[in-house]
Amino acid sequence: MSKFFNKISLMAFLSFIMLPSMSQAATLNPGDLVGISFWVISIAMVAATVFFLWEAMRIGGKWSTSLTVAALVTLIAAVHYFYMRDIWVASGDSPTVYRYVDWILTVPLQMVEFYLILAAVGVVAGRVFWHLLIGTLIMLLGGYFGETGVLSPVVGFVIGMAGWVYILYYIFSGEAAKSAENAPAAVQSAFNTMRLIVLVGWAIYPLGYVLGYMMGSVDAASLNGIYNVADFVNKIAFGLMIWSAANSQS
Ligand SMILES: *C/C=C(C)/C=C/C=C(C)/C=C/C1=C(C)CCCC1(C)C
């Protein structure tokens, strides 16, 4: 019975967050590929949210927290994508502030995931999360100040890269990596794929930044198209890695 009510309230809640998408003012132009990518990804984020929440309830146990956090990431992104899509379609401007508000919420949640999957099997210290959080903040603040003109794009880029390199160091050879060595096989394999996403999937973002801001004039279409593809991979595929570890462990 309570599962039934869970599902009803989940559906009601998701309909509620979809409301902004129903008050669309601007009309999508069929030739606007970046606009279409905003559209597709906003809906994919909603679908992923339903899936992760549903699976969190089905699988349960110690994995339900990690799956719920994966759902929060796609939920927060879905809401931001509704607004970003509107700004893009109506004005062709980069929705930079919304994008970074989304990232400042979702990237730390993804860092929590590294911590949670290790904590679920009892092999990690709390400071692992704080190190990853600080790396994230440096990365995102550098990028934001570079994109909004507070710093020159190059200086913002260098600061952002330093934060990312620190995260990579920490998960590939720092304390997070050492903690993972003591985890069971399924957790280790999830951890390994997740850090590969942080290396390869995340590399798409600095690429978008360079093409958007450092090739002469600002190219909003490349920037947003590339960031959109990156968000799709890094939020949905990242969650699916946790889901597959959860499935094979339970
Ligand atoms: C869900 C959103 C995610 C996973 C966002 C990740 C964002 C990045 C990895 C951004 C990285 C950047 C650099 C490494 C250099 C400076 C510019 C940034 C902020 C785009």
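Look a little higher up for the structure.
Keep in mind the model is a prediction, meaning the values are calculated, not measured. (Residues numbered from 1 in each chain as written. Predicted model: local features only at pLDDT ≥ 70, side-chain atom pairs only at ≥ 80, totals over all residues. Heavy atoms only, no water.)

*Asks:* Any chance you could explain the site of the ligand here in plain terms?
*Replies:* Surveying the vicinity of the ligand reveals 17 residues, the closest of which are Trp103, Val107, Gln110, Tyr205 and Lys235. The fraction of the free accessible surface of the ligand (520 Å²) that becomes covered by protein chains is 100%. At a threshold of 2 Å from the grid points, most atoms of the ligand map onto the largest cavity. Those elements giving two or more residues to the shell around the ligand turn out to be α5 (96-119), α6 (127-147), α7 (153-172), α10 (204-213) and α11 (220-249). Per-element accounting of the shell around the ligand gives the leading share, five residues, to α5. A breakdown of the residues in the shell around the ligand according to their chemical character gives 11 nonpolar, four polar and two charged. (Near = heavy atom within 4 Å. Areas by Shrake-Rupley, 256 points an atom, 1.4 Å probe, with all protein chains shown as cover. 1 Å grid on protein atoms, 1.4 Å probe; cavity = no way out; pocket = protein on both sides within 12 Å on 5 of 7 lines; lining within 4 Å. Sits in = over half its atoms within 2 Å of the grid points. Helix = DSSP H or I, 4+ residues; strand = E, 2+ residues; numbered from the N terminus. Nonpolar A, V, L, I, M, F, W, Y, C, P; charged D, E, K, R; others polar.)

*Asks:* How should the nonpolar core be read in this particular structure?
*Replies:* The nonpolar side chains of a soluble globular protein tend to be buried, and buried together. Phe114, Leu118, Val198 and Trp202 are the most contacted members of the largest nonpolar core, which totals 74 residues. Considering each element in turn, this core owes the most residues, 14 residues, to helix α4 (residues 63-91). Sequence-distant contacts of phenylalanine 114, that is, excluding residues within four places in its chain, are made with Leu132, Ile171, Phe191, Met194, Arg195, Val198 and Phe238. (Core = buried A, V, L, I, M, F, W, Y, C linked by side-chain atoms within 4.5 Å. Buried < 20%, exposed > 50% of the residue type's maximum accessible area, 1.4 Å probe, protein only. Contact = heavy atoms within 4.5 Å.)

*Asks:* Would you mind showing me how to read the side chain of lysine 235 here?
*Replies:* By secondary structure assignment, the location of lysine 235 is in helix α11. Take lysine 235: its relative accessible area is 3%, and that puts it in the buried class. The residues touching lysine 235, leaving out its near neighbours within four places in the chain, are Met45, Val73, Thr74, Ala77, Asp102, Trp103, Thr106, Gln110 and Tyr205.

*Asks:* Help me understand empty space enclosed by the protein in this model?
*Replies:* Scanning all chains against the criterion turns up two cavities of 30 Å³ or more. Approximately 320 Å³ is the volume attributed to the largest cavity. Lining the largest cavity are 21 residues, and of these Trp103, Met139, Leu140, Tyr205 and Pro206 lie nearest its centre. The dominant element in the lining of the largest cavity, judged by the number of residues it contributes, is α7, at five residues. In terms of residue class, the lining of the largest cavity is made up of 13 nonpolar, five polar and three charged. By volume, the second largest cavity amounts to about 40 Å³. Lining the second largest cavity we find Ser94, Pro95, Thr96, Arg99, Glu147, Leu223, Asn224 and Tyr227. Of all elements in the fold, only α5 and α11 reach the threshold of two or more residues within the lining of the second largest cavity. Counting residues per element, the lining of the second largest cavity draws most heavily on α11, at three residues. Classifying every residue of the lining of the second largest cavity gives three nonpolar, three polar and two charged. (Points joined across faces, edges and corners; volume = space filled by probe spheres on them.)

Everything listed here is a matter of geometry and, on its own, says nothing about what the molecule does.
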